[in-house]
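A structural walkthrough
What follows is the residue order along each chain.
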Amino acid sequence: MAAEAKVVVIGAGVIGVGAALAIQRELPRATVTIVTAQLTPLTTGDGAAGIWGPHYVSGDPIKIRDWSQATHDFLQRLWMEGECPGIGLIAGHDHPEKALHTTVPFYHEDAPASGDASAPEEGKMGSSGSAARMFESSSDGKKMTESSQSGKLSTETPVSGKDKIHPELRSTPYEGKLSQQVTFYAEPSKFLPFLLSAFKYHGGNVIVANVTSLQQLAEYDVIINCTGLGSETLFGDTTLQPIRGQLVRVKAPYVKSFLARNGFYIVPNEDAVVLGGTAQLNDRRTEPDIADTARIVAGCSKLIPALRGAPIVGVWVGLRPFRPGGVRLESERHLVAGRWRWVVHNYGHGGSGVTLFWGCALEVAARVREILENVTASKL
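Read on for a plain summary of the structure.

What counts as what
- Residues numbered from 1 in each chain as written.
- Predicted model: local features only at pLDDT ≥ 70, side-chain atom pairs only at ≥ 80, totals over all residues.
- Heavy atoms only, no water.
- Helix = DSSP H or I, 4+ residues; strand = E, 2+ residues; numbered from the N terminus.
- Phe/Tyr/Trp six-rings, centres within 6.5 Å; stacked < 30°, edge-to-face > 60°.
- Buried < 20%, exposed > 50% of the residue type's maximum accessible area, 1.4 Å probe, protein only.
- Expected span 1.5 Å × (residues − 1).
- Polar contact = N/O pair within 3.5 Å; in protein donor to acceptor, adjacent residues only side chain to side chain.
- Patch = residues over 30% accessible without salt bridge, like charges linked within 9 Å, V, L, I, M, F, W, Y side chains within 5 Å.
- Areas by Shrake-Rupley, 256 points an atom, 1.4 Å probe, with all protein chains shown as cover.
- Salt bridge = Lys/Arg side-chain N within 4 Å of Asp/Glu carboxyl O.
- Core = buried A, V, L, I, M, F, W, Y, C linked by side-chain atoms within 4.5 Å.
- Contact = heavy atoms within 4.5 Å.
- Pairing = 2+ DSSP bridges.
- Axes fitted to C-alpha atoms, helices over the stretch in contact; angles between N-to-C directions.

1. What to know about unusual backbone geometry
Between Thr40 and Pro41 the backbone carries a cis peptide bond, its omega angle lying at 15 degrees. In this fold, Pro41 is placed in the loop between β2 (31-36) and α2 (61-81). In the segment running from Gly276 into Gly277, the intervening peptide bond is cis, with an omega of -5 degrees. By secondary structure assignment, the location of Gly277 is in the loop between β10 (273-276) and β11 (280-281). For Tyr56, which is not glycine, the phi dihedral falls at a positive 50 degrees. Among the structural elements, Tyr56 can be located in the loop between β2 and α2. Here the phi dihedral of Asn282 falls at roughly 60 degrees; this positive angle occurs in a residue that is not glycine. Mapped onto the elements of the fold, Asn282 is located in the loop between β11 and α6 (290-303).

Below you can see the structure in the form of structure tokens.
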């Protein structure tokens, strides 16, 4: 059954594309298709600054730690290979704020030594390049980025005092020293097209269509739901809550490190510097707000005065798919065209899509393998 299985992933953001890639790696003879209403650069996360570190996410801290770790290792591997755009290391400062979950500490482990057998291979895009190597073990990188003072994973939660935010998401007043850390950045608008190309390179199919009913997917054996806030209408999940985020991009090449303080954050990307931001709960506006733009620029300029007058090159708004009960990563059966099909849900990552996507993708792939193996066994 696994060899003949047809698997469909709904959604082509970083969560959906990651899941599709992981399923291809776990089940190389299965046919994997992505069906999506929007492709990069029009997905929810394409405008995000892309700093690794969980924020605006709820749920089991152990799972969040493990998913974050796996994603960190995957990003490190892509970075070391040097072929995936939009990924790199960045240093900066932030200050501890009340997180939505109790963070389980991360600690450094030894990185692979020079010449270690686990070090990435050389090669270009192709049969021996990154697109192919992506299907090897992604656990070769072991050294975690972390706060140099606390040894704990940063949980950046930049919020505005005027935002209508859940009480648990509000930042605490700044006290004490800033925390210095080095972490990965991964700009979705740059690395997501690379991952989508790798998916196609390995035989993946992409269909641009709006899925309004599972009956549209009757030809598939397993359905992977990576629709984010779309799960409200497609699956009736009324617990989902959008957290509106607005960012301002400016030309400021002199900013080389990130800074988060007093509800504002500054993150240099490769082509611009991201100023943020907002965290407006249950606000579904997707158009930029002039007042938000002015507040963000003014607040960030207090942190780095040189930003006053920096040319604005773009303003972006996205709705983070927050779920108070945490990421929904589970399987259930649905009746589709008179036949029971398994649906694997993978949504509710809040503002942590870039941080969690590969760890969640690996769990999705494991669930799909288990489902197909059980179906095969039941036919024997």
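2. So, the packing of aromatic side chains
What the rule picks out here adds up to five aromatic pairs. Centroid distance Phe74 to Phe357: 6.0 Å. Interplanar angle 75 degrees. Geometry classified as edge-to-face. Taken together, the positions of Phe74 in helix α2 and Phe357 in helix α7 (residues 353-379) put the pair 283 residues apart, joining distant regions of the chain. Note on accessibility: Phe74 and Phe357 belong to one class, buried.

3. As for helix α4 (residues 188-201)
Compared with the 20 Å implied by 1.5 Å per residue over 14 residues, the 19 Å span of α4 between its first and last C-alpha is a close match. By the burial criterion, the buried members of α4 are Pro188, Phe191, Leu192, Phe194, Leu195, Leu196, Ala198 and Phe199. Downstream of α4 by a residue or two, Gly203 has a phi angle that is positive, lying close to 90 degrees.

4. A word on the side chain of His55
Relative to the assigned elements, His55 resides in the loop between β2 and α2. At a separation of 3.0 Å, a polar atom in the side chain of His55 contacts the main-chain carbonyl oxygen of Gly53. Among the polar contacts listed, one links the side chain of His55 to the backbone oxygen of Gly351, at a separation of 3.2 Å.

5. Some thoughts on a nonpolar patch on the surface
A surface patch of nonpolar side chains, amounting to about 330 Å² of accessible area, comprises Trp79, Met80, Leu89 and Val182. When you line up the elements, Val182 lands in strand β4 (residues 179-186).

6. A closer look at the nonpolar core
Side chains that are nonpolar tend, in soluble globular proteins, to be buried together. With 51 residues, the main nonpolar core has Ile23, Phe191, Leu195, Ile224, Phe357 and Val368 as its most contacted residues. Of all the elements in the fold, those that place two or more residues in this core are β1 (6-10), α1 (14-26), β2, α2, β4, α4, β6 (222-225) and α7. Looking at which element gives the most residues to this core, the answer is α7, with eleven residues. Excluding its chain neighbours within four sequence positions, the residues that come into contact with Phe357 are Val14, Ile15, Gly18, Thr71, Phe74, Leu75, Phe191 and Leu195. Ranked by size, the runner-up nonpolar core spans 14 residues in total, among them Phe264, Ile296, Cys300 and Ala310.

7. What about the side chain of Arg323?
The residue Arg323 is located in the loop between β12 (312-322) and β13 (328-336) in this model. Other than its neighbours up to four places away in sequence, Arg323 contacts Ser58, Asp237, Thr239, Leu240, Arg328, Tyr347 and Gly348.

8. Description of the pattern of salt bridges
The tally for this structure, following the rule as stated, stands at 16 salt bridges. A salt bridge links Arg77 to Glu81; the nearest nitrogen and oxygen atoms lie 3.3 Å apart. Residue Arg77 and its partner Glu81 are located together in helix α2, separated by four residues, close to a single helical turn. Of the two residues, Arg77 and Glu81, neither departs from the other in class, the shared state being buried. Through salt bridges with shared partners, one network takes in Arg244, Asp283, Arg285, Asp289 and Asp292.

9. So, the environment of Gly263
Its place among the elements puts Gly263 in the loop between β8 (258-261) and β9 (264-268). Counting along the chain gives 36 residues from Gly263 to Gly299, while the straight-line C-alpha distance between them is 8.3 Å.

10. Description of the sheet that holds strand β14 (residues 339-347)
The strand order β5-β2-β1-β6-β14-β13 describes an open sheet built from six strands, whose pairing is mixed. On the outer flanks of this sheet lie β5 (205-208) and β13, each paired with one strand and no other. On average, each strand axis in the sheet is inclined to that of its neighbour by 25 degrees, with strand direction left out of account. When β1 meets β6, the two strands line up parallel, connected through four bridges. In the strand pairing of β6, Val7 is matched with Val222.

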